[in-house]
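Residue strings, one per chain:
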Amino acid sequence: MTQRVEIVRKILDANERIAAANRALLDENKVFGVNMMSAPGAGKTSVIMETLRRLPHGVRAGVIEGDTAPVTIDADKISALGTPAVQINTSGSCHLDAVMVELGLQKLDLKLLNLAVIENVGNLICPASFDLGTHANIVIASIPEGDDKPYKYPNIYRGLDVLIINKIDLLPYIDFRMDYFTRGIQILNPDIKIFTVSCKSGEGFEGWMSWLMSKIPAKDQLKDL
Amino acid sequence: MHELAVTESILELANQAASENGASRVTEIFLTIGQLSSIVADSVQFYWDHISKGTPSEGAILHFERVPARLHCKDCGESYQLSEELLPCPACGSIALEIISGEELQIDHIEIMKEKDDTTG
Ligand SMILES: Nc1nc2c(ncn2[C@@H]2O[C@H](COP(=O)(O)OP(=O)(O)O)[C@@H](O)[C@H]2O)c(=O)[nH]1
Ligand SMILES: [Mg+2]
Ligand SMILES: [Zn+2]
Ligand SMILES: [Zn+2]
(Lines give C-alpha, C1' and ligand atoms only; values in the text may rest on other atoms or scores of the structure.)
(Ligands and ions follow the chains in the order given, each with its own letter.)
Protein backbone atom coordinates (compact mmCIF):
# COMPACT_ATOMS: atom_id res chain seq x y z
CA MET A 1 0.00 0.00 0.00
CA THR A 2 1.30 3.39 -0.88
CA GLN A 3 0.35 6.67 0.69
CA ARG A 4 0.04 10.03 -0.98
CA VAL A 5 2.03 12.92 0.48
CA GLU A 6 1.27 16.46 -0.70
CA ILE A 7 4.36 18.56 -1.13
CA VAL A 8 3.62 21.37 -3.59
CA ARG A 9 7.00 23.00 -3.34
CA LYS A 10 8.91 24.89 -5.93
CA ILE A 11 11.77 22.74 -7.03
CA LEU A 12 14.27 25.57 -6.68
CA ASP A 13 12.93 26.55 -3.26
CA ALA A 14 16.23 25.94 -1.50
CA ASN A 15 18.00 28.23 -3.93
CA GLU A 16 15.41 30.93 -3.40
CA ARG A 17 15.77 30.79 0.38
CA ILE A 18 19.53 31.21 0.20
CA ALA A 19 19.12 33.99 -2.36
CA ALA A 20 16.87 35.83 0.09
CA ALA A 21 19.57 35.47 2.77
CA ASN A 22 22.19 36.85 0.37
CA ARG A 23 19.95 39.82 -0.35
CA ALA A 24 19.46 40.45 3.37
CA LEU A 25 23.23 40.34 3.91
CA LEU A 26 23.79 42.86 1.12
CA ASP A 27 21.03 45.11 2.49
CA GLU A 28 22.45 44.97 5.99
CA ASN A 29 25.78 46.18 4.63
CA LYS A 30 24.18 48.75 2.30
CA VAL A 31 25.70 47.09 -0.74
CA PHE A 32 23.90 47.11 -4.10
CA GLY A 33 24.25 43.74 -5.85
CA VAL A 34 24.07 43.14 -9.60
CA ASN A 35 24.00 39.86 -11.51
CA MET A 36 25.54 40.16 -14.99
CA MET A 37 24.44 37.47 -17.43
CA SER A 38 25.16 36.97 -21.12
CA ALA A 39 26.15 34.55 -23.82
CA PRO A 40 29.90 33.86 -23.85
CA GLY A 41 31.81 36.81 -25.27
CA ALA A 42 28.98 39.37 -25.26
CA GLY A 43 31.11 41.57 -23.04
CA LYS A 44 30.40 40.96 -19.34
CA THR A 45 34.01 41.40 -18.27
CA SER A 46 34.47 44.41 -20.58
CA VAL A 47 31.33 46.14 -19.28
CA ILE A 48 32.30 45.44 -15.67
CA MET A 49 35.80 46.83 -16.20
CA GLU A 50 34.56 49.97 -17.95
CA THR A 51 32.01 50.44 -15.14
CA LEU A 52 34.73 50.09 -12.48
CA ARG A 53 36.89 52.67 -14.26
CA ARG A 54 34.01 55.13 -14.27
CA LEU A 55 32.92 54.72 -10.65
CA PRO A 56 33.21 58.02 -8.81
CA HIS A 57 35.74 58.33 -6.03
CA GLY A 58 34.30 56.95 -2.82
CA VAL A 59 32.21 54.22 -4.42
CA ARG A 60 33.88 50.91 -3.81
CA ALA A 61 33.08 47.74 -5.69
CA GLY A 62 33.85 44.06 -5.25
CA VAL A 63 33.48 41.49 -8.02
CA ILE A 64 32.55 37.81 -7.93
CA GLU A 65 33.65 35.93 -11.04
CA GLY A 66 31.89 32.71 -11.95
CA ASP A 67 33.71 30.40 -14.30
CA THR A 68 33.13 26.82 -15.30
CA ALA A 69 36.86 26.14 -15.39
CA PRO A 70 39.43 26.97 -12.73
CA VAL A 71 40.87 29.83 -14.76
CA THR A 72 41.34 33.23 -13.16
CA ILE A 73 41.71 35.25 -16.38
CA ASP A 74 38.70 37.49 -15.72
CA ALA A 75 39.36 37.76 -11.97
CA ASP A 76 42.98 38.75 -12.69
CA LYS A 77 41.84 41.53 -15.03
CA ILE A 78 39.56 42.92 -12.32
CA SER A 79 42.25 42.65 -9.62
CA ALA A 80 44.63 44.56 -11.90
CA LEU A 81 42.23 47.51 -11.63
CA GLY A 82 42.64 47.45 -7.86
CA THR A 83 39.17 46.01 -7.24
CA PRO A 84 38.78 43.03 -4.92
CA ALA A 85 37.79 40.00 -7.01
CA VAL A 86 36.73 36.55 -5.89
CA GLN A 87 36.85 33.65 -8.31
CA ILE A 88 34.21 30.94 -8.00
CA ASN A 89 34.82 27.77 -9.92
CA THR A 90 31.45 26.22 -10.68
CA SER A 91 33.20 22.94 -11.57
CA GLY A 92 31.41 22.56 -14.85
CA SER A 93 27.99 23.83 -13.83
CA CYS A 94 26.40 26.05 -16.47
CA HIS A 95 25.18 28.71 -14.03
CA LEU A 96 25.88 30.27 -10.66
CA ASP A 97 23.47 29.50 -7.86
CA ALA A 98 22.78 31.24 -4.57
CA VAL A 99 25.04 28.91 -2.57
CA MET A 100 28.07 29.68 -4.73
CA VAL A 101 27.35 33.39 -4.39
CA GLU A 102 26.99 33.04 -0.62
CA LEU A 103 30.53 31.62 -0.53
CA GLY A 104 31.75 34.46 -2.74
CA LEU A 105 30.14 37.13 -0.56
CA GLN A 106 31.86 35.67 2.51
CA LYS A 107 35.20 36.40 0.88
CA LEU A 108 34.42 40.06 0.22
CA ASP A 109 34.69 42.66 2.95
CA LEU A 110 31.15 43.94 2.50
CA LYS A 111 31.52 46.57 5.21
CA LEU A 112 33.93 48.42 2.94
CA LEU A 113 31.87 48.12 -0.25
CA ASN A 114 28.99 49.93 -1.93
CA LEU A 115 28.59 47.68 -4.95
CA ALA A 116 28.91 43.93 -5.53
CA VAL A 117 29.08 42.84 -9.16
CA ILE A 118 28.63 39.19 -10.05
CA GLU A 119 29.79 37.94 -13.45
CA ASN A 120 27.69 34.86 -14.13
CA VAL A 121 28.79 31.93 -16.26
CA GLY A 122 28.71 32.70 -19.99
CA ASN A 123 25.40 31.11 -20.90
CA LEU A 124 22.22 32.82 -21.90
CA ILE A 125 19.75 30.08 -21.15
CA CYS A 126 19.79 28.99 -17.56
CA PRO A 127 21.41 31.55 -15.23
CA ALA A 128 18.12 33.47 -15.38
CA SER A 129 16.35 30.66 -13.47
CA PHE A 130 18.60 30.99 -10.44
CA ASP A 131 18.02 33.98 -8.20
CA LEU A 132 21.36 34.88 -6.62
CA GLY A 133 20.02 37.43 -4.17
CA THR A 134 21.21 40.46 -6.12
CA HIS A 135 19.08 43.60 -6.46
CA ALA A 136 19.29 43.81 -10.23
CA ASN A 137 19.36 41.13 -12.90
CA ILE A 138 21.15 42.35 -15.98
CA VAL A 139 21.63 40.75 -19.38
CA ILE A 140 24.29 41.98 -21.75
CA ALA A 141 23.36 41.41 -25.36
CA SER A 142 25.74 42.24 -28.18
CA ILE A 143 25.20 43.30 -31.76
CA PRO A 144 26.88 40.24 -33.37
CA GLU A 145 24.40 37.91 -31.62
CA GLY A 146 21.65 39.09 -33.99
CA ASP A 147 18.32 40.82 -33.49
CA ASP A 148 16.00 37.81 -33.42
CA LYS A 149 17.09 36.32 -30.08
CA PRO A 150 14.20 37.72 -27.99
CA TYR A 151 11.70 36.05 -30.31
CA LYS A 152 13.46 32.71 -30.33
CA TYR A 153 14.28 32.53 -26.64
CA PRO A 154 11.57 34.55 -24.88
CA ASN A 155 12.18 32.95 -21.50
CA ILE A 156 15.72 34.29 -21.27
CA TYR A 157 14.72 37.90 -21.05
CA ARG A 158 12.00 37.58 -18.43
CA GLY A 159 12.55 38.92 -14.93
CA LEU A 160 15.27 41.30 -16.01
CA ASP A 161 15.74 44.77 -14.64
CA VAL A 162 18.28 46.00 -17.15
CA LEU A 163 19.40 45.09 -20.64
CA ILE A 164 22.73 46.44 -21.84
CA ILE A 165 23.17 46.20 -25.60
CA ASN A 166 26.92 46.19 -26.12
CA LYS A 167 29.22 46.56 -29.14
CA ILE A 168 27.16 49.25 -30.84
CA ASP A 169 30.40 50.32 -32.55
CA LEU A 170 29.75 47.29 -34.80
CA LEU A 171 26.32 48.50 -35.98
CA PRO A 172 27.67 49.83 -39.31
CA TYR A 173 28.95 46.37 -40.22
CA ILE A 174 26.12 44.10 -39.10
CA ASP A 175 22.42 44.02 -40.00
CA PHE A 176 20.82 44.57 -36.62
CA ARG A 177 17.39 46.20 -36.36
CA MET A 178 17.54 47.88 -32.96
CA ASP A 179 13.77 48.60 -32.91
CA TYR A 180 12.89 45.00 -33.71
CA PHE A 181 15.25 43.70 -31.03
CA THR A 182 14.11 46.04 -28.26
CA ARG A 183 10.44 45.45 -29.08
CA GLY A 184 10.96 41.71 -28.60
CA ILE A 185 12.55 42.40 -25.21
CA GLN A 186 9.71 44.67 -24.13
CA ILE A 187 6.99 42.14 -24.94
CA LEU A 188 7.39 40.37 -21.63
CA ASN A 189 9.32 43.14 -19.94
CA PRO A 190 7.58 46.47 -20.46
CA ASP A 191 9.42 48.16 -17.58
CA ILE A 192 12.94 47.05 -18.45
CA LYS A 193 15.70 49.68 -18.65
CA ILE A 194 17.68 49.43 -21.87
CA PHE A 195 21.11 50.99 -22.39
CA THR A 196 23.06 50.79 -25.64
CA VAL A 197 26.81 50.98 -25.16
CA SER A 198 30.19 50.31 -26.64
CA CYS A 199 33.08 49.26 -24.45
CA LYS A 200 35.38 50.12 -27.32
CA SER A 201 34.37 53.76 -27.73
CA GLY A 202 32.80 54.30 -24.32
CA GLU A 203 29.62 55.51 -26.02
CA GLY A 204 26.42 55.21 -23.99
CA PHE A 205 28.04 54.55 -20.62
CA GLU A 206 26.78 57.79 -19.04
CA GLY A 207 23.17 56.56 -18.98
CA TRP A 208 24.06 53.20 -17.50
CA MET A 209 26.36 54.77 -14.90
CA SER A 210 23.78 57.27 -13.75
CA TRP A 211 21.16 54.51 -13.41
CA LEU A 212 23.63 52.45 -11.39
CA MET A 213 24.65 55.34 -9.17
CA SER A 214 21.01 56.15 -8.46
CA LYS A 215 20.59 52.63 -7.04
CA ILE A 216 23.60 52.56 -4.74
CA PRO A 217 22.42 53.18 -1.18
CA ALA A 218 23.95 55.95 0.92
CA LYS A 219 26.53 54.64 3.35
CA ASP A 220 28.88 56.34 5.77
CA GLN A 221 32.09 56.30 3.83
CA LEU A 222 35.09 54.89 5.55
CA LYS A 223 38.15 57.07 5.22
CA ASP A 224 40.60 56.12 2.50
CA LEU A 225 43.48 54.29 4.08
CA MET B 1 20.31 23.30 -19.35
CA HIS B 2 20.49 22.87 -15.59
CA GLU B 3 18.49 19.67 -15.37
CA LEU B 4 21.08 18.14 -13.03
CA ALA B 5 20.55 20.85 -10.41
CA VAL B 6 16.80 20.50 -10.80
CA THR B 7 16.94 16.72 -10.48
CA GLU B 8 19.08 16.98 -7.36
CA SER B 9 16.48 19.28 -5.79
CA ILE B 10 13.67 16.86 -6.65
CA LEU B 11 15.60 14.01 -5.05
CA GLU B 12 16.30 16.02 -1.92
CA LEU B 13 12.66 17.09 -1.54
CA ALA B 14 11.36 13.55 -2.10
CA ASN B 15 13.80 11.85 0.28
CA GLN B 16 13.13 14.49 2.91
CA ALA B 17 9.35 14.01 2.62
CA ALA B 18 9.85 10.25 2.86
CA SER B 19 11.83 10.45 6.08
CA GLU B 20 9.44 12.99 7.61
CA ASN B 21 6.62 10.54 6.98
CA GLY B 22 8.45 7.47 8.18
CA ALA B 23 8.47 5.91 4.73
CA SER B 24 11.08 3.46 3.53
CA ARG B 25 10.47 4.06 -0.16
CA VAL B 26 9.21 6.67 -2.58
CA THR B 27 7.34 4.97 -5.42
CA GLU B 28 6.03 7.86 -7.54
CA ILE B 29 6.71 11.57 -7.94
CA PHE B 30 4.34 14.01 -9.65
CA LEU B 31 5.95 17.09 -11.17
CA THR B 32 4.60 20.14 -12.96
CA ILE B 33 6.92 21.71 -15.49
CA GLY B 34 5.99 24.84 -17.41
CA GLN B 35 7.09 25.46 -20.98
CA LEU B 36 8.96 28.60 -19.94
CA SER B 37 11.01 26.81 -17.29
CA SER B 38 13.20 25.44 -20.11
CA ILE B 39 13.51 22.07 -18.42
CA VAL B 40 13.71 18.97 -20.62
CA ALA B 41 11.87 16.08 -18.98
CA ASP B 42 13.97 13.42 -20.71
CA SER B 43 17.14 14.88 -19.21
CA VAL B 44 15.60 14.95 -15.75
CA GLN B 45 14.68 11.28 -16.17
CA PHE B 46 18.22 10.45 -17.32
CA TYR B 47 19.85 12.12 -14.30
CA TRP B 48 17.18 10.69 -12.00
CA ASP B 49 18.03 7.10 -12.88
CA HIS B 50 21.62 7.76 -11.88
CA ILE B 51 21.40 9.91 -8.79
CA SER B 52 18.44 8.22 -7.09
CA LYS B 53 20.35 4.92 -6.82
CA GLY B 54 20.87 3.82 -3.23
CA THR B 55 18.38 6.36 -1.83
CA PRO B 56 14.77 5.79 -0.67
CA SER B 57 13.68 7.22 -4.03
CA GLU B 58 15.48 4.65 -6.13
CA GLY B 59 13.14 3.31 -8.79
CA ALA B 60 10.44 5.91 -8.21
CA ILE B 61 8.46 6.73 -11.33
CA LEU B 62 8.53 10.37 -12.43
CA HIS B 63 5.30 11.81 -13.85
CA PHE B 64 5.62 15.07 -15.72
CA GLU B 65 2.70 17.41 -16.24
CA ARG B 66 3.78 19.89 -18.88
CA VAL B 67 2.05 23.26 -18.82
CA PRO B 68 2.01 25.32 -22.01
CA ALA B 69 2.77 29.04 -21.82
CA ARG B 70 -0.35 31.21 -21.96
CA LEU B 71 -0.25 34.96 -22.34
CA HIS B 72 -2.85 37.62 -21.61
CA CYS B 73 -3.02 40.90 -23.51
CA LYS B 74 -3.43 43.86 -21.17
CA ASP B 75 -4.77 46.04 -23.97
CA CYS B 76 -7.56 43.96 -25.51
CA GLY B 77 -7.96 41.13 -23.01
CA GLU B 78 -7.16 38.35 -25.49
CA SER B 79 -5.59 35.19 -24.04
CA TYR B 80 -3.52 32.90 -26.22
CA GLN B 81 -1.06 30.06 -26.13
CA LEU B 82 2.55 30.89 -26.90
CA SER B 83 4.06 28.95 -29.75
CA GLU B 84 7.80 28.43 -29.93
CA GLU B 85 8.29 31.96 -31.11
CA LEU B 86 7.29 35.03 -29.14
CA LEU B 87 4.76 37.13 -31.04
CA PRO B 88 2.73 40.23 -30.15
CA CYS B 89 -0.98 39.83 -29.34
CA PRO B 90 -2.58 38.06 -32.33
CA ALA B 91 -5.78 40.07 -31.87
CA CYS B 92 -4.50 43.64 -31.57
CA GLY B 93 -0.73 43.57 -32.02
CA SER B 94 -0.01 44.93 -28.56
CA ILE B 95 3.17 43.99 -26.72
CA ALA B 96 1.73 44.72 -23.28
CA LEU B 97 1.47 41.07 -22.27
CA GLU B 98 1.55 39.12 -19.08
CA ILE B 99 2.23 35.46 -18.43
CA ILE B 100 -0.73 33.48 -17.10
CA SER B 101 0.94 30.09 -16.98
CA GLY B 102 4.02 28.27 -18.15
CA GLU B 103 6.56 29.28 -15.49
CA GLU B 104 5.79 26.37 -13.14
CA LEU B 105 8.59 24.18 -11.85
CA GLN B 106 7.28 22.27 -8.92
CA ILE B 107 6.81 18.97 -7.16
CA ASP B 108 3.11 18.40 -6.41
CA HIS B 109 2.91 15.18 -4.49
CA ILE B 110 4.66 11.87 -4.04
CA GLU B 111 3.56 8.33 -3.29
CA ILE B 112 5.44 6.65 -0.46
CA MET B 113 5.50 3.12 0.96
CA LYS B 114 5.87 2.41 4.64
CA GLU B 115 7.68 -0.58 6.07
CA LYS B 116 5.05 -3.05 7.40
CA ASP B 117 5.15 -3.07 11.20
CA ASP B 118 3.52 -5.22 13.88
CA THR B 119 0.84 -2.75 14.91
CA THR B 120 -0.87 -2.80 11.53
CA GLY B 121 -3.27 -5.51 10.59
N1 LIG C 1 34.00 45.80 -30.98
C2 LIG C 1 33.74 45.60 -29.69
N3 LIG C 1 34.27 44.53 -29.06
C4 LIG C 1 33.99 44.38 -27.74
C5 LIG C 1 33.15 45.28 -27.03
N6 LIG C 1 33.01 44.84 -25.75
C7 LIG C 1 33.76 43.71 -25.66
N8 LIG C 1 34.35 43.43 -26.85
C9 LIG C 1 35.23 42.27 -27.16
O10 LIG C 1 34.45 41.08 -27.05
C11 LIG C 1 35.25 40.01 -26.56
C12 LIG C 1 34.60 39.36 -25.35
O13 LIG C 1 34.49 40.28 -24.29
P14 LIG C 1 34.40 39.85 -22.76
O15 LIG C 1 34.22 41.09 -21.98
O16 LIG C 1 35.55 38.98 -22.40
O17 LIG C 1 33.07 38.99 -22.77
P18 LIG C 1 32.48 37.98 -21.65
O19 LIG C 1 32.83 36.61 -22.09
O20 LIG C 1 31.00 38.20 -21.71
O21 LIG C 1 33.07 38.36 -20.34
C22 LIG C 1 36.61 40.63 -26.24
O23 LIG C 1 37.47 40.35 -27.33
C24 LIG C 1 36.31 42.10 -26.14
O25 LIG C 1 37.43 42.90 -26.48
C26 LIG C 1 32.61 46.41 -27.75
O27 LIG C 1 31.86 47.25 -27.22
N28 LIG C 1 32.94 46.52 -29.07
MG1 LIG D 1 34.12 37.22 -18.88
ZN1 LIG E 1 22.54 25.90 -15.63
ZN1 LIG F 1 -4.45 42.42 -27.65
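Everything here concerns the structure above.
What counts, and at which threshold
- Residues numbered from 1 in each chain as written.
- Chains lettered and ligands numbered in written order.
- Predicted model: local features only at pLDDT ≥ 70, side-chain atom pairs only at ≥ 80, totals over all residues.
- Heavy atoms only, no water.
- Contact = heavy atoms within 4.5 Å.
- Buried area = accessible area lost by both parts, 1.4 Å probe.
- Salt bridge = Lys/Arg side-chain N within 4 Å of Asp/Glu carboxyl O.
- Helix = DSSP H or I, 4+ residues; strand = E, 2+ residues; numbered from the N terminus.
- Nonpolar A, V, L, I, M, F, W, Y, C, P; charged D, E, K, R; others polar.
- Donors = N, O, S within 2.8 Å, 3.2 Å for Na, K, Ca; no water.
- Pairing = 2+ DSSP bridges.
- Right-handed = clockwise from strand over helix to strand, strands pointing away.
- Buried < 20%, exposed > 50% of the residue type's maximum accessible area, 1.4 Å probe, protein only.
- Lys, Arg positive; Asp, Glu negative; His and termini not counted.
- Axes fitted to C-alpha atoms, helices over the stretch in contact; angles between N-to-C directions.
- Near = heavy atom within 4 Å.
- Polar contact = N/O pair within 3.5 Å; in protein donor to acceptor, adjacent residues only side chain to side chain.

Colleague: Please explain the interface of chain A and chain B as it appears in this structure.
Modeller: Frequently, the measure chosen for interface size is the accessible area that the parts lose on association. Taken together, the 30 residues of chain A in the interface contact 34 residues of chain B. For the pairing of chain A and chain B, the buried interface totals around 3,100 Å² over both sides, and the portion due to carbon and sulfur atoms is 64%. When the buried surface of chain A facing chain B is broken down by residue, Val5, Ile11 and Ile187 of chain A rank first, second and third, together holding 23% of it. Put simply, chain A and chain B have one salt bridge between them. Where Glu103 of chain B meets Arg158 of chain A, a salt bridge forms, and the shortest distance between an N and an O atom there is 2.3 Å. Of all the elements in the fold, those that place two or more residues in the side of chain A that touches chain B are strand E1 (2-10), helix H5 (149-152) and helix H6 (178-187) of chain A. Per-element tally for the side of chain A that touches chain B: the top contributor is E1 of chain A, with nine residues. Classifying every residue of the side of chain A that touches chain B gives 15 nonpolar, eight polar and seven charged.

Colleague: In this structure, what is going on with the coordination of the zinc ion (ligand 4)? I would like to understand it.
Modeller: Under ideal tetrahedral coordination, the four donors around a metal are separated by 109.5 degrees; under ideal octahedral coordination, the six donors are separated by 90 or 180 degrees. Every protein donor of the zinc ion (ligand 4) is listed here as Cys73 of chain B (SG), Cys76 of chain B (SG), Cys89 of chain B (SG) and Cys92 of chain B (SG), and their distances to the metal cover 2.3 to 2.4 Å. Written as a sequence motif, the donor residues of the zinc ion (ligand 4) are C-x2-C-x12-C-x2-C.

Colleague: Would you explain the pairing of strand E8 (residues 193-196) of chain A in this entry?
Modeller: The two faces of a sheet get side chains in turn, since along a regular strand they alternate between them. Residue and element names in this part refer to chain A. Relative to E8, strand E7 (residues 162-166) is paired through four bridges, and the arrangement is parallel. By the bridge assignment for E8, Leu163 is matched with Ile194. Following the backbone out of E7, through H6 and into the adjacent parallel E8, one traces a crossover that is right-handed.

Colleague: Would you mind showing me how to read the side chain of Glu3 of chain B here?
Modeller: Take Glu3 of chain B: it is sitting in helix H1 (residues 3-20). In this structure, Glu3 of chain B is buried with no salt-bridge partner, the nearest side chain bearing the opposite charge being Arg66 of chain B at 10 Å.

Colleague: Explanation requested: the environment of Leu188 of chain A in the structure shown.
Modeller: Here Leu188 of chain A shows up in the loop between H6 and E8. The spatial distance from the C-alpha of Leu188 of chain A to the C-alpha of Arg9 of chain A is 25 Å, given a sequence separation of 179 residues. With residues near it in sequence (within four places) discarded, Leu188 of chain A still touches Pro154 and Arg158 of chain A together with Leu71, Leu86, Leu97 and Ile99 of chain B.

Colleague: How should I be thinking about the coordination of the magnesium ion (ligand 2) in this particular structure?
Modeller: Residues and elements named next belong to chain A. Around the magnesium ion (ligand 2), the protein contributes the donor atoms Thr45 (OG1), Asp74 (OD) and Glu119 (OE), at 2.1 to 2.2 Å from the metal centre. Taken in chain order, the donor set of the magnesium ion (ligand 2) reads T-x28-D-x44-E. Here Thr45 is found in helix H2 (residues 44-54), whereas its partner Asp74 is found in helix H3 (residues 73-80), with 29 residues between them in sequence. For Asp74, a relative accessible area of 15% translates into the label buried.

Colleague: How should I be thinking about the sheet that holds strand E4 (residues 79-81) of chain B in this particular structure?
Modeller: Strand pairing in a sheet relies on backbone hydrogen bonds. The paired strands run either parallel or antiparallel. All names here are of chain B. Reading across from one edge, E4-E3-E5 is the order of the three strands in this open sheet, with antiparallel pairing throughout. Lying at the two open borders of the sheet, with one neighbouring strand each, are E4 and strand E5 (97-101). Neighbour-to-neighbour, the strand axes of the sheet open up by a mean angle of 35°, direction not taken into account. Of the pairings in the sheet, the one linking strand E3 (residues 70-73) to E4 comprises three bridges and is antiparallel in character. Residue pairing across strands places Arg70 opposite Gln81, the latter belonging to E4.

Colleague: Mind showing me how you'd approach unusual backbone geometry here?
Modeller: Comment: phi is negative for the bulk of residues other than glycine, and the bulk of peptide bonds are trans. Residue and element names in this part refer to chain A. A positive phi is found at Lys30, a non-glycine position, where the angle reads about 55°. Along the chain, Lys30 turns up in the loop between helix H1 (13-28) and strand E2 (32-38). Although it is not a glycine, Lys167 adopts a positive phi angle of roughly 70°. If you trace the backbone, Lys167 turns up in the loop between E7 and H6.

Colleague: In this structure, what is going on with the site of ligand 1? I would like to understand it.
Modeller: Residue and element names in this part refer to chain A. Around ligand 1, 15 residues are found, and the nearest of them are Lys44, Thr45, Ser46, Asp169 and Cys199. Within the backbone of Gly43, a nitrogen or oxygen atom sits 3.0 Å from an oxygen atom of ligand 1. The leading source of residues in the shell around ligand 1 is H2, at three residues. Across the shell around ligand 1, the residue classes break down as three nonpolar, seven polar and five charged.

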